[in-house]
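Tertiary structure, described
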Amino acid sequence: MHQAKLLPANGPPPARLRTVYQIFRGTTPKLYWTKAFMDPVIMPRHRVIVLLAMQNSLSTTDNLCKRGFHMVIRCVLCFKAEETAQHLFFACEYSSCVLQALFTWQGFTRRHLSLNHELRRLAQVTGKNIRKKWANCTLGAAVYNLWAERNAQIFQDTYRSSDQLIYVTKNVIRVRVLAYMNGLTNEVVSISLAL
Ligand SMILES: [Zn+2]
């Protein structure tokens, strides 16, 4: 008696488990910026703010108005436009000045356009050297410090000029990158920044 065959000799090859899984999962676009964004040189709190900004989940005044809060939606950094995440980090006069200075410091002369654009640009910086770490660290520190400055102006009634913020942000980046390259811990970085 012949044993029953599972598939005819000339039929299609058996489906592989991986192929079936991919069909059910569907295709997902590759996130070009993940590697740069997950670089441990970026401080965890900086990464959180960049992620929230990318998702437009920060409590900017336009987002709060959408949730039913009534408030003036002018940007507190420039008082010239409505405060949205896109404006706050890339279109604002104050932020543009800070970001342009930081990017020029790194040797980039192109104008910054959006958070997505900058993450794409970071992903294109190649190598594992200090320049790559510097580039990855800069965007996180810039976005975090701009958000912190906006909050300080609203909630603590303090003000730092764009030059002051550039100076502070450069220091944060310098300490963080050098500490990372020398294998120092986050605690050492925090102490160095407090000194
Ligand atoms: Zn503004």
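Position numbers for residues count from 1 along each chain, tracking the sequence in the order it is written. Confidence filtering applies because this is a predicted model: local features only for residues at pLDDT of at least 70, side-chain atom pairs given and counted only at 80 or more, and all residues used for totals across whole chains, interfaces and linings.

1. Topic: the overall build of the chain
Here is the rule: Put simply, DSSP marks the helices as runs of H or I at least four residues long and the strands as runs of E at least two long, and each gets a number from the N terminus on. Counting other C-beta atoms within 10 Å of a residue's own tells you its class, since 20 or more makes it buried, 12 or fewer makes it exposed, and anything in between is partly exposed; those C-beta atoms are placed from the backbone. Contact between residues is assigned whenever the C-beta positions, reconstructed from backbone atoms, fall within 7 Å.
Counting its secondary structure elements, the chain contains ten helices and zero strands. Along the chain, from the amino end to the carboxyl end, the secondary structure elements read α-α-α-α-α-α-α-α-α-α. When the 195 residues of the chain are sorted by exposure, 27% land in the buried category. Once local pairs closer than 6 in sequence are excluded, the contacts in the chain between residues at least 24 apart make up 60%.

2. A few points about the packing of helix H6 (residues 93-105) against helix H8 (residues 130-156)
The angle between the axes and the distance between the axes are what describe a pair of packed helices. For clarity, the cut-off: For every element, the axis is a line fit to its C-alpha atoms; helices are fit only across the contacting stretch, and the angle between N-to-C directions ranges from 0 to 180 degrees. If an angle is under 35 degrees, it is roughly parallel; if it is over 145, roughly antiparallel; if it lies from 65 to 115, roughly perpendicular; otherwise it is oblique. Crossing handedness follows the turn of the near helix against the far one: under a right angle anticlockwise gives a left-handed crossing, and clockwise gives a right-handed one. Only Asp, Glu, Lys and Arg are considered charged, only Ala, Val, Leu, Ile, Met, Phe, Trp, Tyr, Cys and Pro nonpolar, and every remaining residue, Gly among them, polar.
As a packed pair, H6 and H8 sit with axes 11 Å apart at the nearest point and diverge in direction by 160°. In terms of orientation, H6 lies roughly antiparallel with respect to H8. Of the two elements, H6 crosses H8, and the hand of that crossing is right-handed. Residues Ser-95, Val-98, Leu-99 and Leu-102 of H6 form the contact with H8, whose participating residues are Thr-138, Ala-142 and Leu-146. Residue composition of the contact of H6 with H8, grouped by class: five nonpolar, two polar and no charged.

3. Structural notes on the nonpolar core
Stated formally: As used throughout, a nonpolar core is a set of buried Ala, Val, Leu, Ile, Met, Phe, Trp, Tyr and Cys residues joined through C-beta atoms within 7 Å of each other.
Residues Ala-53, Phe-89, Val-98, Cys-137, Ala-142, Val-143 and Leu-146 are the most contacted members of the largest nonpolar core, which totals 35 residues. Sorting the residues of this core by element identifies helix H3 (44-54), helix H5 (85-91), H6, H8 and helix H9 (162-181) as the ones contributing at least two each. Ranked by residue count, the leading element in this core is H8, at ten residues. The residues contacting Ala-142, other than those within four sequence positions of it, are Val-98, Leu-99, Leu-102 and Thr-169.

4. Observations regarding the environment of Leu-146
Tracing the sequence through the fold places Leu-146 in helix H8. For the pair formed by Leu-146 and Leu-77, sequence separation is 69 residues and the distance between their alpha carbons is 9.0 Å. In this structure, Leu-146 is in contact with Leu-88, Phe-89, Ser-95 and Val-98, ignoring residues within four places of it in sequence.

5. Concerning the environment of Ser-57
As for its placement among the helices and strands, Ser-57 is situated in the loop between H3 and helix H4 (61-66). C-alpha of Ser-57 to C-alpha of Ala-85: the two residues are 28 residues apart in sequence and 8.6 Å apart in space.

6. Details of H9
Applicable threshold: Helix span is expected to be 1.5 Å times the residue number reduced by one. What the arc covers is the set of directions going from the helix axis to the C-beta atoms.
Along its 20 residues, H9 runs 28 Å from first to last C-alpha, staying within 8% of the 28 Å computed at 1.5 Å per residue. Taken together, the buried positions of H9 are Leu-165, Ile-166, Thr-169, Val-172, Ile-173, Arg-176, Val-177 and Tyr-180. An end-on view of H9 places all buried positions within 130° of arc, on one side of the element. Projecting away from the buried face of H9 at angles above 90 degrees are the exposed residues Asp-163, Gln-164 and Tyr-167. Note on H9: the residue one or two positions beyond its end, Gly-183, has a positive phi of about 70°.

7. Structural notes on the confidence of the model for the chain
Filter applied, for reference: pLDDT measures the predictor's confidence residue by residue and takes values from 0 up to 100.
Residues with a pLDDT of 70 or more make up 73% of the chain, whose mean pLDDT is 79. Mean pLDDT across the elements of the chain ranges from a minimum in helix H10 (residues 186-194), with 63, to a maximum in H9, with 91.

8. Looking at the packing of H6 against H9
The N-to-C vectors of H6 and H9 enclose an angle of 40°; their axes lie 9 Å apart at closest approach. Classified by the angle between their axes, H6 and H9 sit oblique to one another. In the crossing of H6 with H9, the sense of the turn from one axis to the other is right-handed. Every residue of H9 that contacts H6 at Tyr-94, Cys-97, Val-98, Ala-101, Leu-102 and Trp-105 is listed here: Ser-162, Leu-165, Ile-166, Thr-169 and Lys-170.

9. Overview of unusual backbone geometry
If a residue is not glycine, its phi is most likely negative; likewise, a peptide bond is most likely trans. Residue Asn-56 is not a glycine yet carries a positive backbone phi of 55°. Although it is not a glycine, Asp-157 sits at a positive phi angle of roughly 55°. Here Asp-157 shows up in the loop between H8 and H9. For Asp-157, a count of 7 C-beta atoms within 10 Å puts it in the exposed group.

10. Observations regarding the environment of Tyr-180
With respect to the helices and strands, the residue Tyr-180 is situated in helix H9. On a C-alpha basis, the gap between Tyr-180 and Lys-133 in space is 8.8 Å, while along the polypeptide they are 47 residues apart. Not counting residues up to four positions away in its chain, the partners in contact with Tyr-180 are Val-41 and Lys-133.

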